[in-house]
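Now for the letters of each chain:
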Amino acid sequence: MFTEEVSRLLMQDVPGTSHQEPDAGRPSKKWQHLSKRSKQRKAQDLLSHTEPPELLFAASQGAYKKNRDLKYVLNFTLISPSRPTKVRTLISQPVETQESYTPDEALSLLLETDMTKQSYQTIRTAAKYKHADIYPSYNAVRGAKKKCYPENISIKEDSAKVPLQNLLDHTALRIIQEQKEAITEVVENLEDDEQLPCKLVCKWGFDGSSGQSEYKQRFTSTGQSDESLFCPTMVPLQLLSNGRVLWENPVPSSTRFCRPIHLQFSKETTELSQEENMSISEEIRNLQPMDVTLDINYEVEADLNRKADLQVTYDLHLTMVDQKVINALTETKSSMRCYICGATPKQFNNIEELLSREEESHLEYGLSPLHKWIRCFEVLLHIAYRIPVKKWRVGTNEEKALVAERKQQIHDRFTTELALKVDEPKRGWEHK
């Protein structure tokens, strides 16, 4: 009995400083708290006793309750040996983000395709059904369109007009807003109190059109009609600064850059052309420079604590004119006369006399770009008509018959070989 009691007491745990637990040493950490090397060491221990497919399957089973998405991905990779490669290719591909139209881009699209409000809203709704919300609301497009209008537009029943100063200021601001980043780089290289001088170069002119559709509307003044339209216009060409081109019109002959100054239901006459020329020339003489800061958003707001970064001046050239307008401005009575020297076709061979008769003030109108191709083709046609008689002025009936026969032959060949009808006036068109 004594021996058994002693054995029992020796087997009991005796508290003391020398007592140690069976798991004595550094306490173990959880997996997420281990360093990269510790994780690699433990992973190698597992791989030495277990195959990778078994580990993946065990991981998918262990993730069932905590992360079902992870379980789905792991099971997907275990279906076939090629699945991991497909998953890697899919993950490595760049994500294509959906890019939406800005209100200005949507407005441009609406104008280029001549869409109505209903058509635009229908296309936008259809795109949203396909989870492609790329078109802004029509209210946003209408707001962008509103920003395209200059200030102080006056509208009457037979005309609409905007002051040239407001039109040029608005045009310059839109160009600066578009080229803001490029202009900012130039301004950053200036001194603190230095201002960047800019010049907006434009061309302007006017033209008339007749044979317009007449609508059933009543005018308060008698004799007024909407059959004819007369319109002075302006086109920006370049924004310059100390000889450097900050912006340049890529398509100077496009109607998208043509900005009307004055629209009126009036027939183009010599008196009206001269009157509009005097009126717009007076506005050009009274133009004032515009100070602009780079933190603008289509409007100039006074900032008393900051000096303007830019000062924009304007340089306009009257070159958008046709022969009829030039004859009206230079008071040339006949279209057969040269508006520069006043010579007739009979005097063209006397070069020395023509050089002495040159009127330098008429050179500012330049060569008309509006109808130059048509005019050149027209001259070639009329020369071809007169080849049988070999002179410009046709007088006798015999000569007129020869010219008419030659003209008919040329017209027939254009029709049969090129399917074109040439030199045939059409109502509402200057030339066909």
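Here the residue numbering is sequential within each chain, running from 1 through the sequence in written order. With pLDDT at 70 or above as the cut-off, local features in this predicted model cover only qualifying residues; side-chain atom pairs require 80 or more to be listed or tallied, and sums for whole chains, interfaces and linings still use all residues. Water and hydrogen atoms play no part in the side-chain values, which are based on all heavy atoms of the structure.

**Focus: the pairing of strand β9 (residues 310-320)**
Between any two strands, pairing holds if DSSP finds at least two bridges. Under the scheme used here, helices are H or I runs from DSSP no shorter than 4 residues and strands are E runs no shorter than 2 residues, and both carry numbers assigned from the N terminus. Strand direction decides the pairing type here: strand β3 (residues 196-209) and β9, joined by ten bridges, are parallel. By the bridge assignment, Trp204 is partnered in β9 with Leu318. Pairing of strand β8 (residues 290-292) with β9, which is carried by three bridges, proceeds in the antiparallel orientation. Counterpart to Met290 in the pairing with β9 is Val312.

**Remarks on the nonpolar core**
Side-chain atoms within 4.5 Å are what join buried Ala, Val, Leu, Ile, Met, Phe, Trp, Tyr and Cys residues into a set we call a nonpolar core. A 1.4 Å probe rolled over the protein chains alone gives each residue an accessible area, and that area as a share of the maximum for its type sets the label: buried under 20%, exposed over 50%, partly exposed in between. Counting 40 residues, the largest nonpolar core has Ile183, Leu239, Leu310, Val312, Tyr314 and Leu316 as the members making the most contacts within it. For this core, the element with the most residues is helix α9 (residues 164-178), which contributes seven residues. Other than its neighbours up to four places away in sequence, Leu316 contacts Leu164, Leu168, Cys202, Trp204, Met234, Ile284 and Leu287. Listed in part, the eleven residues of the second largest apolar core include Ala127, Ala132, Ile134 and Val141. Only heavy atoms matter for contacts: two residues are in contact if any of them lie within 4.5 Å across the pair.

**Looking at the layout of surface pockets**
Where empty space is left can be seen by rolling a probe of water-molecule size over the atoms. The way it works is a 1 Å grid over only the protein atoms, where trapped points that fit a 1.4 Å probe form a cavity and open points with protein on both sides within 12 Å along at least five of seven lines form a pocket, and then any residue with an atom within 4 Å of a point lines it. Grid points are joined across faces, edges and corners, and a volume is the space filled by probe spheres set on the points. Empty space within the largest pocket amounts to approximately 1,400 Å³. Residue lining of the largest pocket: 35 residues in total, with Cys148, His170, Arg174, Arg256 and Arg259 positioned closest to the centre. When contributions to the lining of the largest pocket are tallied by element, the ones reaching two or more residues are α6 (103-112), β2 (159-161), α9, β6 (259-260) and β7 (262-264). Along the lines of polarity and charge, the residues of the lining of the largest pocket split into 20 nonpolar, six polar and nine charged. Think of it as three bins: nonpolar holds Ala, Val, Leu, Ile, Met, Phe, Trp, Tyr, Cys and Pro, charged holds Asp, Glu, Lys and Arg, and polar takes everything else, Gly as well.

**With respect to the pattern of salt bridges**
Take a side-chain nitrogen of Lys or Arg and a carboxyl oxygen of Asp or Glu: if they are within 4 Å of each other, that pair is a salt bridge. Counting across every chain of the model gives four salt bridges. The salt bridge partner of Lys391 is Glu399, with a shortest N-O separation of 2.8 Å. Residue Glu399 is classed as buried on the basis of its relative accessible area of 16%. Two residues, Glu417 and Arg413, come together in a salt bridge whose shortest N-O distance is 3.1 Å. Of this pair, Glu417 and Arg413 both sit in helix α15 (residues 397-418), four residues apart, which is roughly one turn of the helix.

**Quick look at helix α11 (residues 270-285)**
An expected span of 1.5 Å times one less than the residue number is assigned to each helix. The first and last C-alpha atoms of α11 sit 23 Å apart over 16 residues, in line with the 22 Å expected at 1.5 Å per residue. Among the residues of α11, those classed as buried are Leu272, Ser273, Glu276, Asn277 and Ile280. Taken around the axis of α11, the buried residues stretch over an arc of 135 degrees, which confines them to a single face. The exposed residues of α11 that point more than 90 degrees off its buried face are Glu271, Glu275, Met278 and Arg285. Buried residues along α11 sit against α9, β3, β4 (229-241), β7, β9 and α12 (323-329). Here the arc refers to the directions that run from the helix axis out to each C-beta atom.

Spatial relationships are all this shows, so hold off on functional conclusions.
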